[in-house]
Amino acid sequence: GRPLRVGRFRLCYCSAVEHTFCDAITKELTTNGRTETINLFDDYAGSLSVRGVNRKVNAWCMQGTDCEFELESGAFGLTDAVMLVDVPAEEEDAFKCGQREGEKFLPLRQTDERAAGLQAGTFEWQNSGIGSFKICYCADETGYDCEDGKWENFKQDAGWLNVEGVILEMSNPKVTVR
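All values reported here derive from a predicted model rather than from experimental measurement.

Moving on, we get to the overall build of the chain. Helix and strand counts for the chain come out as zero helices and twelve strands. When its helices and strands are written in sequence order, the chain yields β-β-β-β-β-β-β-β-β-β-β-β. Long-range contacts, defined here as pairs at least 24 residues apart, represent 69% of the contacts in the chain between residues at least 6 apart. When the accessible surface of the chain is totalled, it reaches about 11900 Å², and 49% of it is carbon and sulfur.

In structure tokens form, the structure reads like this:
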């Protein structure tokens, strides 16, 4: 799926031994000015880790250079990767990662520890053409999920990579003087 929120979450449950009617136990919480009623599940059941990118990036680089960008996550895997997809401007609003094959597969190059338990994952591309590319992220769970060609597994939108420049392709121009 496409994670809407990533991180490590505590799982709790309502013990029928302590509470005869778990559905009847509620606690009022006020969140962002509105009141919600939730069941009081106060027994620890473990944790759930949802892997993915914490926030989208908008990275820029120059055409013809080694383009390097970083994504932040609670935990990267050694076989995590991104797919760059060239999305036409008229399709940008409707496009979702995992819908079609990308132009370039980039494996995770390295990770660095950051504050607050985050890691920075570095990806690198030796680009040649200009354009804006959607960065689609894949958190590998099996060791085979994030391989080149398995574009349907690159479902998390990680932002944009924008390549600018004006390199012209010229080979041995001839000048005639009259």
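After that view of the structure, there is still more to cover.
Glancing now at the pattern of salt bridges. Inspection of every chain in the model, using the stated rule, returns ten salt bridges. In this structure, Arg55 and Glu72 form a salt bridge, with 3.8 Å as the shortest nitrogen-oxygen distance. Of this pair, Arg55 sits in the loop between β4 (43–50) and β5 (57–62) while Glu72 sits in strand β6 (residues 66–73); the two residues are 17 residues apart in sequence, bridging distant segments of the chain.

This part is about the state of the cysteines. In the structure shown here, the tally under the stated rule is three disulfides. The side chain of Cys61 participates in a disulfide bridge whose partner is Cys67; the two sulfur atoms lie 2.1 Å from each other. Looking along the S-S bond of the Cys61-Cys67 disulfide, the torsion reads about -100°, which is the left-handed sense. Assessed through its relative accessible area of 12%, Cys61 is described here as buried. Residue classification places Cys67 among the buried residues on the basis of a relative accessible area of 1%. Two residues share a disulfide in this structure: Cys97 and Cys136, whose sulfurs sit 2.1 Å from each other. In this structure the cystine formed by Cys97 and Cys136 twists about its S-S bond by roughly -75°; its chirality is therefore left-handed. One end of the pair, Cys97, is in the loop between β7 (81–86) and β8 (104–107); the other, Cys136, is in strand β11 (residues 131–138), and 39 residues separate them in sequence. Both residues of the pair, Cys97 and Cys136, belong to the buried class.

To continue, consider the environment of Tyr13. Along the chain, Tyr13 falls in strand β1 (residues 7–13). The exposure class of Tyr13 is partly exposed, given its relative accessible area of 39%. When the C-alpha atoms of Tyr13 and Phe41 are compared, they prove to be 4.5 Å apart, with 28 residues separating the residues in sequence. Tyr13 has contacts with Phe41, Asp42, Asp43, Tyr44 and Ala45, leaving out every residue within four places of it along the chain.

The rules behind these values
- Residues numbered from 1 in each chain as written.
- Predicted model: local features only at pLDDT ≥ 70, side-chain atom pairs only at ≥ 80, totals over all residues.
- Heavy atoms only, no water.
- Helix = DSSP H or I, 4+ residues; strand = E, 2+ residues; numbered from the N terminus.
- Contact = heavy atoms within 4.5 Å.
- Areas by Shrake-Rupley, 256 points an atom, 1.4 Å probe, with all protein chains shown as cover.
- Salt bridge = Lys/Arg side-chain N within 4 Å of Asp/Glu carboxyl O.
- Disulfide = S-S within 2.5 Å.
- Buried < 20%, exposed > 50% of the residue type's maximum accessible area, 1.4 Å probe, protein only.

As far as function goes, none of this settles anything; it's purely spatial.
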